[in-house]
Amino acid sequence: MKTILSNLIAKHLRGLGHEPPAEIVLDAPKVKEHGDLSSNVALALAKAAKLPPPKLAEQLASALSGETSIFQKVEVKGPGFLNFFLKPTAYHEALKSLWQGPNALKPFDFGGGRRVLLEFLSANPTGPMHVGHGRNAVVGDCLARLLEVTGHRVMREFYVNDHGVQIKTLGHSGCHYHTVMTQVGGVEVALPEDVYRGKYLEDLVAELKDRIAPIKHDPLAVGKLLGVELLETIKEELLRLGIVFDHYYSESSLYEEGKIDEALAVLKAKGMTYEREGALWFKTSEFGDDKDRVLIKGDNTYTYFTPDIAYHKDKFDRGYDVYLNVMGADHGGYVQRLKAAVAALGHNPEKLHFLLMQLVNLKRGGEVVNMSKRTGEYVTLHEVIDEVGRDAARFFFMMRSHNAALDFDLELAKQQSAENPVYYIQYAHARMCSIFRKAEEAGFPAPEALGEPGLSPLQLEEEIGLVKTLLNYPETLAGAVQFYEPHRVAFYLLDLAKTFQNYYTRAKGDDRYRVIGPQRETTVAKLYLVKTLREVFRHGLNILGVSAPESMTRESEE
RNA sequence: GCCCCCAUAGCUCAGUGGAUAGAGCAUUGGCCUCCGAAGCCAUGUGCGGAGGUUCGAUUCCUCCUGGGGGCGCCA
């Protein structure tokens, strides 16, 4: 709709002898009196055209009024705004244009097949995941889904920290638990400070007792064994959320395949490194970092940064168009130096984007649930999913922009009531399915068999309003993907559900609002509108990874 | 001290240059013989502060205040 209008405006601007601007801004005004859409072109162009804005607007308005198939009227208001009042038929055509064929929406090809390497979660396999991991996982997955439906090819990648200090620590922890466990009489052994702890470790060590015994002298081997097992439980948990990674990238492989030395060699060859105080430094400050960073420590081991450089070199060597990293905001200090590394290696750092996830506060009925990693006592993601279910869990993680802190209230998320937005949206969808069931009983075609009916019976303001909201969907997706903000889809669906529920409930007091009525043409046209609505709900819910149920059953009714 | 994020209604939050700033919850009052009441309608107050850019600023820039996070040869 907007494209049609802006093309028209550009055409008539040229007709009047003015060069149209690169982008013609069209907005949906908040006030009804300002029409269906309005534009500020006259204000923007007034200087170049050497005309007062109202004058230019008037010229345009009278030229555009000739397009009688689209416009009811064109008005000039305020300092020179053009207000367009559109005919319902324009909306009818626009509604149809959302469809590709009889049963599929037109694809949203904003990406043109661009290849995206999306790294997210990358949780250390040293313990069970908590809600923070859940947020990262869900946002990453929704972003992947969003990219896919908008014409991108996505590689979902999980970087496995299966090498280094934390694995050694994990191994030590396992050994300690093993010692405690195998001691006759169960003598209390104090766990050292720097050790992972928690019931999950106790259970896992008990399970693997016999496999740990022979390798107990080698904590690193124990750590790897435990790490592999813990990664499996992470994968199981992700599966419960409907998340499947395409690739698990092993940190160890960087060592085994010599990729770290390779990356170091490149940096050295480019003169990006120097030695000082027995360590090897990387001149990241030449690329906008606060200070230089150490690559090889005095004890001749790598910092955690070094394998990551090699990893990102490998990412770029694999050749994608965009590289996205979803990580916790507590790693924010990491962004500059990683970009520096990419630039130093001769790649374009502009292609590397970071989504920094802010904190999640777990709450229950408004009270903060305290968690302590030190004692190993915290609510795991597993328990959260057990309690609230997959749909609510996923939706709640998507209800905030990633760069705002998120309160996750367990009570609210599991409430099966109006206060819970996920049910609100699903309920709207279920109602539409119910309408189709009733319609078929009354002898109307199934949604798949509706074809492309005449839509002229759609004249109610609310019906046109629903079409307007539907027409916002493509641009919502475009904005969401452009700014990597998949949560916009969740907000859009809430808005669409609200608009529909309003329309639906009016039928209680006014038969004109009923979808299924005595006039066949009217009913079929309305069914077509509802079919489009339902399809957009399905499409959007699919991006969020939330189910679109045909009917809702309350637990209390089961 | 330096860097990043945030500040909008009583509460939780939308809104990245447009006209009279929106939802939900909470409050108060209405609506089920009806395509599903997990629903709908009605109901007041608000852009933290000071400058600047602009025809026009919640939005962009600078400073200030208040909150969160980060600043290691830890990961």
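This structure is a prediction, so every number in the text was calculated from the model and none was measured.

Enquirer: Residues and numbers for the packing of aromatic side chains, please.
Expert: Inspection of every chain in the model, using the stated rule, returns 23 aromatic pairs. Considering the side-chain rings of Phe71 and Phe84, the 5.3 Å spacing of their centres and the 25° angle between planes classify their relative orientation as stacked. Within this pair, whereas Phe71 is found in strand β3 (residues 71–77), its partner Phe84 is found in strand β4 (residues 81–86), the two being separated by 13 residues in sequence. Like Phe71, the residue Phe84 is buried in the burial classification.

Enquirer: Quick rundown of the pattern of salt bridges? Include the residues and the values.
Expert: This structure, assessed with the given rule, holds 33 salt bridges. Put simply, Asp386 and Arg240 hold a salt bridge, and the shortest N to O gap is 2.9 Å. Linking Asp386 in helix α14 (residues 381–388) with Arg240 in helix α9 (residues 219–240), this pair joins segments that are 146 residues apart in sequence. Judged by its relative accessible area of 30%, Arg240 is partly exposed.

Enquirer: Tell me about helix α17 (residues 421–441), and please be specific about residues and values.
Expert: With 21 residues, α17 ought to run about 30 Å at 1.5 Å a step, and its terminal C-alpha atoms sit 31 Å apart, in line with that. Just beyond α17, the residue with positive phi is Gly443, at close to 95°.

Enquirer: Help me get a handle on helix α11 (residues 259–269), residues and values and all.
Expert: Three- or four-residue spacings in an α-helix give side chains the same orientation, since the helix completes a turn every 3.6 residues. Where α11 is concerned, the buried positions are Ile260, Ala263, Leu264 and Leu267. On an axial view of α11, the arc spanned by its buried residues comes to 100°, and they lie on one face. In this structure, the buried side of α11 is in contact with α10 (251–256), β8 (273–276), β9 (279–282), β10 (293–296), α12 (305–317) and α13 (334–344). Backbone geometry just after α11 places Gly271 at a positive phi near 70°.

Enquirer: Go over the sheet that holds β10 with me, naming the residues and quoting the values.
Expert: If you walk across this open sheet you meet the three strands as β8-β9-β10, and the pairing is antiparallel. Two strands bound the open sheet, and with one partner strand each, they are β8 and β10. On average, each strand axis in the sheet is inclined to that of its neighbour by 45°, with strand direction left out of account. With three bridges connecting them, β9 and β10 associate as antiparallel partners. Across the sheet, residue Leu280 finds its bridge partner in β10, namely Ile296. Running over the sheet, α12 touches β9 and β10 and is turned about 85° from β10.

Enquirer: Outline unusual backbone geometry, supporting the account with residue identities and numerical values.
Expert: The backbone of Lys50 sits at a positive phi, close to 55°, despite the residue not being glycine. Residue position: Lys50 is located in the loop between α2 (41–49) and α3 (53–64). Phi is positive for Glu277, which is not a glycine, with a value near 50°. Owing to a relative accessible area of 69%, Glu277 belongs among the exposed residues under this scheme.

Enquirer: I'd like to hear about the domain arrangement of chain A, residue by residue, with values.
Expert: As far as domains go, chain A holds domain 1 (2–86), domain 2 (123–131 + 152–245 + 358–414), domain 3 (257–349) and domain 4 (421–557). Computed from C-alpha atoms alone, the centre-to-centre distance between domain 2 and domain 4 is 40 Å. Each side of the interface is counted separately: domain 2 has twelve residues, and domain 4 has 16 residues. Buried surface at the junction of domain 2 and domain 4, both sides included, amounts to about 1200 Å², of which 67% is carbon and sulfur. The three residues of domain 2 that bury the most area against domain 4 are Asp391, Phe395 and Met398, which together make up 50% of that side's buried surface. Run the count over domain 2 and domain 4 and you get zero salt bridges. No other element matches the six residues that helix α15 (residues 390–397) contributes to the side of domain 2 that touches domain 4. Counted by class, the side of domain 2 that touches domain 4 contains five nonpolar, three polar and four charged residues.

Basis of the calculations
Residues numbered from 1 in each chain as written. Chains lettered and ligands numbered in written order. Predicted model: local features only at pLDDT ≥ 70, side-chain atom pairs only at ≥ 80, totals over all residues. Heavy atoms only, no water. Phe/Tyr/Trp six-rings, centres within 6.5 Å; stacked < 30°, edge-to-face > 60°. Helix = DSSP H or I, 4+ residues; strand = E, 2+ residues; numbered from the N terminus. Buried < 20%, exposed > 50% of the residue type's maximum accessible area, 1.4 Å probe, protein only. Salt bridge = Lys/Arg side-chain N within 4 Å of Asp/Glu carboxyl O. Expected span 1.5 Å × (residues − 1). Arc of directions from axis to C-beta. Contact = heavy atoms within 4.5 Å. Pairing = 2+ DSSP bridges. Axes fitted to C-alpha atoms, helices over the stretch in contact; angles between N-to-C directions. Domains from an automatic or database assignment. Buried area = accessible area lost by both parts, 1.4 Å probe. Nonpolar A, V, L, I, M, F, W, Y, C, P; charged D, E, K, R; others polar.

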